[in-house]
Amino acid sequence: MMKKNSLFLLVLFFLSVTTCFATMQLGAPLTLQEVTKVSEINKHPDQYLGKQVLIEGLIINVCAARGCWMDIASDVPFEKIKIKVVDGEIVFPLEAKGQTARVEGIVEAVHLTEDQARSMARHHAEKSGEKVDLSTIKGPTTYYRIRGLGAEIN
Amino acid sequence: MSWRKWNFVLHRDLGYLCIGLTLLYGISGLAVNHTSHAFNPSYTIETQKGQVSPLPSGKVPDMSYVNQCLAELSITAQFKNVAMLNPETIRIFVEGNTIDVIVATGETIKEKIERRPLLFGINYLHLNKGKGTWTWVADIYALAICLLALTGLFMIRSKGRRRALFLTTIGFLCPLLYLLLKPS
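The model shown is predicted, which means the values in this text are computed figures rather than measured ones. (Residues numbered from 1 in each chain as written. Chains lettered and ligands numbered in written order. Predicted model: local features only at pLDDT ≥ 70, side-chain atom pairs only at ≥ 80, totals over all residues.)

Peer 1: Report on the overall build of chain A, specifying residues and quantitative values.
Peer 2: From N to C terminus, chain A includes 4 helices and 6 strands. N-terminal to C-terminal, the α/β element order of chain A is α-β-α-α-β-β-β-β-α-β. Out of the 154 residues belonging to chain A, those deemed buried represent 28%. Restricting the contact set of chain A to residue pairs at least 6 apart, pairs at least 24 apart contribute 69%. (Helix = DSSP H or I, 4+ residues; strand = E, 2+ residues; numbered from the N terminus. Buried ≥ 20, exposed ≤ 12 C-beta atoms within 10 Å, placed from the backbone. Contact = placed C-beta atoms within 7 Å.)

Peer 1: Any chance you could break down the overall build of chain B for me, citing the residues and the numbers?
Peer 2: The secondary structure content of chain B amounts to 5 helices and 5 strands. In chain B, the succession of helices and strands from N to C terminus is α-β-α-β-β-β-β-α-α-α. For 184 residues, the compact-globule estimate of 2.2 N^0.38 gives 16 Å, and chain B exceeds it by more than 25% at 27 Å. Judged by the C-alpha coordinates and their principal axes, chain B covers about 85 × 40 × 25 Å. The proportion of buried residues among the 184 residues of chain B is 16%. Across chain B, every contact between residues at least 6 apart in sequence was considered, and the portion connecting residues at least 24 apart equals 55%. (Rg over C-alpha atoms; globule rule 2.2 N^0.38 Å.)

Peer 1: I'd like a description of the environment of A:Thr141, backed by residues and values.
Peer 2: Its location among the elements puts A:Thr141 in strand 6 (residues 141-153). For the pair A:Thr141 and A:Glu114, spaced 27 residues apart in sequence, the C-alpha separation works out to 6.9 Å.

Peer 1: Go over the interface of chain A and chain B with me, naming the residues and quoting the values.
Peer 2: In this complex, chain A contributes 20 residues to the contact, which on the side of chain B involves 26 residues. Every element with two or more residues in the side of chain A that touches chain B is listed here: helix 1 (2-18) and strand 2 (52-62) of chain A. Per-element tally for the side of chain A that touches chain B: the top contributor is helix 1 of chain A, with 3 residues. In terms of residue class, the side of chain A that touches chain B is made up of 11 nonpolar, 5 polar and 4 charged. (Nonpolar A, V, L, I, M, F, W, Y, C, P; charged D, E, K, R; others polar.)

Peer 1: Could you give me a rundown of the nonpolar core, with the residues and numbers involved?
Peer 2: Ranked by size, the top nonpolar core spans 42 residues in total, and within it A:Ile59, A:Met70, A:Ile72, A:Ala96, B:Ile92 and B:Val101 carry the most contacts. If sequence neighbours within four positions are ignored, B:Ile92 has contacts with B:Val66, B:Cys69, B:Leu70, B:Val82, B:Ile99 and B:Val101. (Core = buried A, V, L, I, M, F, W, Y, C linked by C-beta atoms within 7 Å.)

Peer 1: Any chance you could break down the pairing of strand 5 (residues 107-115) of chain B for me, citing the residues and the numbers?
Peer 2: Residue and element names in this part refer to chain B. Where strand 1 (residues 43-51) and strand 5 come together, 9 bridges link them in antiparallel fashion. Bridge assignment links Glu46 to a residue of strand 5, and that residue is Lys112. Two elements, strand 4 (residues 97-102) and strand 5, share 6 bridges in a ladder whose sense is antiparallel. Paired with Asp100 across the bridge in strand 5 is Ile109. (Pairing = 2+ DSSP bridges.)

Peer 1: Please set out the domain arrangement of chain B residue by residue, giving values where relevant.
Peer 2: For chain B, the assigned domains are domain 1 (3-35 + 117-170) and domain 2 (43-115). Its C-alpha centre places domain 1 of chain B at a distance of 47 Å from the equivalent point of domain 2 of chain B. (Domains from an automatic or database assignment.)

Peer 1: Go over the sheet that holds strand 2 (residues 79-86) of chain B, please, and point to the residues and values.
Peer 2: Residues and elements named next belong to chain B. Strand order in the open sheet made by the 5 strands is 1-5-4-3-2, with antiparallel pairing throughout. Strand pairing shows two members of the sheet lacking a second neighbour, strand 1 and strand 2, which therefore form its edges. Between one strand axis and the next, the sheet turns by 15° as a mean value, whatever way the strands run. Sheet topology note: the strand 2/strand 3 (residues 89-94) ladder contains 6 bridges and is antiparallel. Paired with Met84 across the strands is Ile90, a residue of strand 3. Contacts between helix 2 (residues 63-72) and the sheet are confined to strand 2, strand 3 and strand 4, with strand 3 contributing the most and set at about 65° to the helix. (Axes fitted to C-alpha atoms, helices over the stretch in contact; angles between N-to-C directions.)

Right, dumping it as structure tokens:
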């Protein structure tokens, strides 16, 4: 009887950590009410730089190695924004792709040299299989992303 | 009871208590130590190229095209969502799979994601993805293994003392030498 109970508890334990939750809360609880459109941030990044925002949208990609970033589709076609978190502080599950997320975080700028930008584009092309024309990258570039503090995935 | 006896009892019982978690952290440690873009310790990721009918030129991809792609690829998993990544590519999300379709050519790249049995669970605990209560358990375990090491140190007897000190010194020197000699 004791053995059966122990086995049941062990199975229950592993099931509990492998079960998908309806709404997954990651990191700090969301505090903002007003949602900022991703297209707005992409259009006027300097206005939002350093500010805490709440965005929502479809998760189109998740870091396959550590779950340390995800891409959220914009409300405008073909646009997206990257959510980057400190490794280990929040881990985005790979199964989250195709689900919707509400993410709160701080808008930040990432400045890349020409070499860094090319290396990043090459890496992205290798990973995604997409074709990237490296000759279009000329000089240093800046892209904007959100340093994620908390997220809800539905 | 002498302090040596107490030390022995504490070391023995802490050892028993820590066996499960030490194995869990050890196995998971081996796995997460080798995390890279080519190896995810918690998931298996398989990519497979395929082909579906291209979208006739001038047409905009819609749900009927998405359903057609899924049917041609014999994918019956539950549909989750679809996104237009760029004018050439749509990404279809179904349970456990992501399919990129280059609409002009019909080329597809299917990515299948599955949780690694057992490793997903133990990595979840090791990396403390759940936070909350598990943080306490992990903290207590960390203190317990520190105590286990210290009580082990006090178990050194005069017989075999040189061997014990030699091995203990190596244990301390390994990380110290690495830190001193590693390239900056």
